[in-house]
Amino acid sequence: MHSSSRRRLGAVALSTVVALTGAACSSGSGSTDTKGSDSGTYTVWDPYPQFAKGADWVKLLDACGAKAGVKIKRTGYDTSDLANKALLAAQQDNSADVLIVDNPVVSTLAEAGVLTSTEDTGLDTSKVDPNLLAAGQSDGKTYGTPIGANTLALYYNKKVLKAAGVDITSVKDWKSLTAALAKVKAAGKKGITFSAIGTEEGSFQFLPWFWGAGAKLTELDSAQAVSALSLWKDWLKQGYAPNSVINNTQTTSWQEFAGGDYAFAENGTWQLANAKKAGFEYGVLPVPGADGGSAAAPTGGEFVTIPTQGDTGRYATSRKLATCLTSTQNLYDTDTTLSYVAPTGEVQAKQVAANAELKPWVEAVKAAKGRTSDDLGTTYPKISEQLWKAVQSALSGAKSPEDALTSAQAAVK
């Protein structure tokens, strides 16, 4: 890629980045930093500002730099700030040497000419699970490699289910899940909580049901899509899910579940630490597909990418840094710290061997799918916005699920 491609950056790319960020990612604040003038200094930008100097993550960056024979100048940014700064830095030919960025933003940065492809740099991605790698692919090329993934599944309260006479092994599809919710309600407890807020979080949480029905993001008004939205609508109508889901974020939804009265909550790996503090026994079940099996849930997590540089001679060292950060041992340590599932089968097996509680999450990640997969690229934010608007319209009673999704598809076109 050449500097001319960078001139395509602008308001459209910036607004796309803002729309994408925030569903399943780290957050915080960081200060502006630029590339060191010393040619032996390489810059790394990441979305982990919570890790200060002395943290294991920062020590790993320094160790990888030492292994490559260079010094590391690292800055941690808030996720949305990072993506926007990457776009602006590319305009000025002042990009970081290594950029670790939220996976749905990869295709946006790639289409804007900000990132090199693995073909350009020789970065090896052969061990990465294909479904996770797909989140960083656009127009047949791969841009970087995942450092880890998180996704959604169903947490369940064992005490509530036992009191309602529900055997969790019987929950295998939508029909059996709905039957379990009916038993829970009859026993005087609450069914399921989730986030259906009118933002990317709402789309993120709806996608496992949407994809679990066999629907495609290129056809929002399909019969399968209608069946997924009808499922949620019926749960509210029957009192199996609270009306609060319309305004729930993933955090407030979790707080409802943590109160101890709900049987199920749809949420992510990032709640594992909170689950252990909840004060009741819990389990985790992959979101079931309409007719059984694990539904594809959307992947969160970041990609290690190599931005385009005016001095292409820097790519060889940048590749060494990216390779070091995603080596087997380093992936294990980093993904444990971030509560991520590793992107390779080898490290996933090591994670489960060390912590059996991760087994359902590994299964969920193996069935997961990138939001920008299927070459949706920068069209995904437009689709997602119409999807969450349709969910809001249907759950609030403003429109039927069918009419809401028909309107959504028309708006996308």
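Let me begin by describing the structure that accompanies this report.

Scoring rules and cut-offs
- Residues numbered from 1 in each chain as written.
- Predicted model: local features only at pLDDT ≥ 70, side-chain atom pairs only at ≥ 80, totals over all residues.
- Heavy atoms only, no water.
- Core = buried A, V, L, I, M, F, W, Y, C linked by side-chain atoms within 4.5 Å.
- Buried < 20%, exposed > 50% of the residue type's maximum accessible area, 1.4 Å probe, protein only.
- Helix = DSSP H or I, 4+ residues; strand = E, 2+ residues; numbered from the N terminus.
- Contact = heavy atoms within 4.5 Å.
- Phe/Tyr/Trp six-rings, centres within 6.5 Å; stacked < 30°, edge-to-face > 60°.
- Lys NZ or Arg CZ within 6 Å of the ring centre and 35° of its normal.
- Pairing = 2+ DSSP bridges.
- Salt bridge = Lys/Arg side-chain N within 4 Å of Asp/Glu carboxyl O.
- Axes fitted to C-alpha atoms, helices over the stretch in contact; angles between N-to-C directions.
- Parallel < 35°, antiparallel > 145°, perpendicular 65-115°, else oblique.
- Left-handed = near helix turned anticlockwise from the far one by under 90°.
- Nonpolar A, V, L, I, M, F, W, Y, C, P; charged D, E, K, R; others polar.

## Description of the nonpolar core
Right, on to step 1. Judged by nonpolar contacts, the single largest core of 55 residues is most densely connected at Phe194, Trp209, Phe210, Leu217, Trp232, Trp235 and Phe264.
Right, on to step 2. Counting residues per element, the ones that place at least two in this core are strand S7 (152-157), helix H8 (158-163), helix H9 (174-186), helix H10 (200-212), helix H11 (223-238), strand S9 (262-268), helix H18 (380-396) and helix H19 (401-412).
Right, on to step 3. Top contributing element to this core by residue count: H11, with 8 residues.
Right, on to step 4. With residues near it in sequence (within four places) discarded, tryptophan 232 still touches Phe194, Ser195, Ala196, Gln205, Phe206, Trp209, Glu266, Val391 and Leu395.

## Description of the packing of aromatic side chains
For any pair of aromatic rings, the description rests on two quantities: the centre-to-centre distance and the angle between the ring planes.
Right, on to step 1. Using the criterion set out here, one finds 16 aromatic pairs in the structure.
Right, on to step 2. Both rings, one in tyrosine 155 and one in tyrosine 282, keep their centres 6.0 Å apart while their planes meet at 45 degrees; by these two values the pair is tilted. Here tyrosine 155, found in strand S7, pairs with tyrosine 282, found in strand S10 (residues 282-285); they are 127 residues apart in sequence, far enough to count as distant.
Right, on to step 3. We classify tyrosine 155 as buried; its relative accessible area is 0%.
Right, on to step 4. Judged by centre distance (5.5 Å) and plane angle (55 degrees), the ring pair of tyrosine 155 and tryptophan 361 falls under tilted. Of this pair, tyrosine 155 sits in strand S7 while tryptophan 361 sits in helix H17 (residues 359-366), placing them 206 residues apart in sequence.
Right, on to step 5. On the basis of relative accessible area, tryptophan 361 is assigned to the buried category, the value being 0%.
Right, on to step 6. Put simply, the rings of Trp174, Phe194, Phe206, Trp209, Phe210, Trp232 and Trp235 touch in pairs and so form one group of aromatic residues.
Right, on to step 7. The aromatic ring of tyrosine 332 is capped on one face by lysine 350, whose charged end is 4.7 Å from the ring centroid.

## Side note on the pairing of S10
Right, on to step 1. Residues Tyr282 and Val284 line one face of S10 and the alternating positions Gly283 and Leu285 line the opposite face, and both faces are buried.
Right, on to step 2. Looking at chain direction, S7 and S10 are connected through 4 bridges and run antiparallel. Looking at the pairing, leucine 154 lines up with leucine 285 of S10.

## Examining the pattern of salt bridges
Right, on to step 1. Enumeration over the complete set of coordinates arrives at 7 salt bridges.
Right, on to step 2. Lysine 389 is paired through a salt bridge with glutamate 385; the nearest N and O atoms lie 3.2 Å apart. Of the two residues, lysine 389 and glutamate 385 both sit in helix H18, 4 residues apart, roughly one turn of that helix.
Right, on to step 3. Overall, the relative accessible area of 40% leaves lysine 389 in the partly exposed class.
Right, on to step 4. Overall, glutamate 385 belongs to the partly exposed group, its relative accessible area being 31%.

## A closer look at the sheet that holds strand S2 (residues 71-76)
Right, on to step 1. With mixed pairing, the 5 strands of this open sheet are ordered in space as S2-S1-S3-S11-S6. Pairing within the sheet leaves two strands with one partner each, and these edge strands are S2 and strand S6 (145-146).

## Observations concerning unusual backbone geometry
Right, on to step 1. One non-glycine residue with positive phi stands out, namely aspartate 139, at about 50 degrees.
Right, on to step 2. Locating aspartate 139 in the fold gives a position in the loop between strand S4 (137-138) and strand S5 (141-142).
Right, on to step 3. Take aspartate 139: its relative accessible area is 64%, and that puts it in the exposed class.
Right, on to step 4. The phi angle at serine 339 is positive, at roughly 60 degrees, despite the residue not being glycine.
Right, on to step 5. Inspection of the secondary structure puts serine 339 in the loop between helix H15 (328-338) and helix H16 (345-354).
Right, on to step 6. Among the residues examined, serine 339 registers a relative accessible area of 32% and is labelled partly exposed.

## Some words on the packing of H15 against H16
Right, on to step 1. With their axes 10 Å apart at the nearest point, H15 and H16 run at an angle of 50 degrees to one another. Judged by the inter-axis angle, H15 sits oblique to H16. Both H15 and H16 take part in a crossing whose hand is right-handed. Residues Thr328, Gln329, Leu331, Tyr332, Asp335 and Thr336 of H15 form the contact with H16, whose own contacting residues are Glu346, Val347, Lys350, Gln351 and Ala354.
Right, on to step 2. Across the contact of H15 with H16, the residue classes tally to 4 nonpolar, 4 polar and 3 charged.

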